[in-house]
Structure formats: structure tokens, C-alpha cells
Amino acid sequence: IRVTGDIGNNTSSQPTITVPAKVHLQIYFDGNLQTKAQNIINTSGYAGNLQFYAISPPPLPNGLPDPNVHQTIDLNSGGGATAGFSAVFYAPTADFTINGAPDITGAIVCRNFYTNGNIHWHYDRDLDNAGKATDYRIVSYVEDTR
């Protein structure tokens, strides 16, 4: 799916994205993304079945990124400490913020990452086999179970 604009906004729109089992959904968007963690429903639990790709803003004529355009991804917990989701986010030029205490399984590539709360983060080992790595590969990771 290609979204030409924002997904959700900071006033009242908190979109729900539901991915049934055995469905692989890739969402490409060139705006901002804002929703609650409880509104991202990936019934398979496999992060590779729900992939978000932030399309970088077009560069200036000199080829450099436009410093006046800041793409953001904002996720709020919603629904209490157990609300969470499984997904992958590839947003190398976006600022990524998570508030609350969602339980997240997946991976994120972003420019800036900020959390506020008691985030539970798990890397989905099945992502090791999802597609070919073109310019990087997973060397190791540590899951902090505090």
C-alpha cells in the first residue's frame, strides 16, 4: 500500500491497522505516522508480516536533504502497559518516538529514536530470514530482560 500523506494526526485521528494471519503487508508512506500501539494489530505475531517504509522527503536541488522537512513516527501505548504489536519500521530519515509502555516485537531503522516509559522490546529472530540483506547484516543483539 502506498500512502501519499500522513497516517493519523495529532488531533483526533488514531488509525487502526489490522493484518490477518498469513497476510504480508508493506505500507509505504511519505508523510508522518501517528497512532496508538494497540491500534497496530498483526495477528500472526511475526514482525515481517507488517512492514512500514517511510519514503524520504525529496532532496533539495543540490542533492542534500531539506532541513525544513522532518518526517516523524509517533506511537503511544494506549490500552495500558500490555498493549503492543509486531512490526518492522524502515525510516532512515524519520524521528521515531514511543510513549507509554507497549510490548513491541520487531525492528526499527530511523534517524533519531526516543522513548518515554517502560518499553518492552524484542527482536524477532525470524527477521534473520526475511529477505536478503543488501548492505548490512545482523551481527548480534542483546535482549535486556530487566
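Just so you know, these numbers come straight off a predicted model, no measurement behind them. (Residues numbered from 1 in each chain as written. Predicted model: local features only at pLDDT ≥ 70, side-chain atom pairs only at ≥ 80, totals over all residues. Heavy atoms only, no water.)

### Some points on the overall build of the protein chain
Consideration 1: Scanning the protein chain from terminus to terminus reveals 0 helices and 10 strands.
Consideration 2: Within the protein chain, buried positions represent 31% of all 146 residues.
Consideration 3: Intrachain contacts of the protein chain at a sequence separation of at least 6 include 46% that bridge at least 24 residues.
Consideration 4: As displayed, the protein chain offers around 8,800 Å² of accessible surface, 51% of which is attributable to carbon and sulfur atoms. (Helix = DSSP H or I, 4+ residues; strand = E, 2+ residues; numbered from the N terminus. Buried < 20%, exposed > 50% of the residue type's maximum accessible area, 1.4 Å probe, protein only. Contact = heavy atoms within 4.5 Å. Areas by Shrake-Rupley, 256 points an atom, 1.4 Å probe, with all protein chains shown as cover.)

### With respect to the packing of aromatic side chains
Consideration 1: Taken as a whole and judged by the stated rule, the model has 7 aromatic pairs.
Consideration 2: Ring plane angle 15° and centroid distance 4.9 Å describe the contact between Y28 and Y53, whose orientation is recorded as stacked. Here Y28 is found in strand β3 (residues 25-29), whereas its partner Y53 is found in strand β6 (residues 50-54), with 25 residues between them in sequence.
Consideration 3: When the centroid spacing of 6.1 Å and the interplanar angle of 75° are considered together, the rings of F85 and F89 count as edge-to-face. F89 carries the same exposure label as F85, and that label is buried. (Phe/Tyr/Trp six-rings, centres within 6.5 Å; stacked < 30°, edge-to-face > 60°.)

### Let's talk about the layout of surface pockets
Consideration 1: Size it by volume and the second largest pocket reaches roughly 160 Å³.
Consideration 2: Together, S56, P57, P65, D66, P67, V69, H70, Q71, T93 and R111 line the second largest pocket. (1 Å grid on protein atoms, 1.4 Å probe; cavity = no way out; pocket = protein on both sides within 12 Å on 5 of 7 lines; lining within 4 Å. Points joined across faces, edges and corners; volume = space filled by probe spheres on them.)

### Regarding the environment of S86
Consideration 1: Looking at where S86 falls in the secondary structure, it is placed in strand β8 (residues 84-99).
Consideration 2: The spatial distance from the C-alpha of S86 to the C-alpha of L50 is 7.3 Å, given a sequence separation of 36 residues.
Consideration 3: When sequence neighbours within four positions are dropped, the list of residues in contact with S86 reads N42, G45, Y46, A47, L50 and T105.

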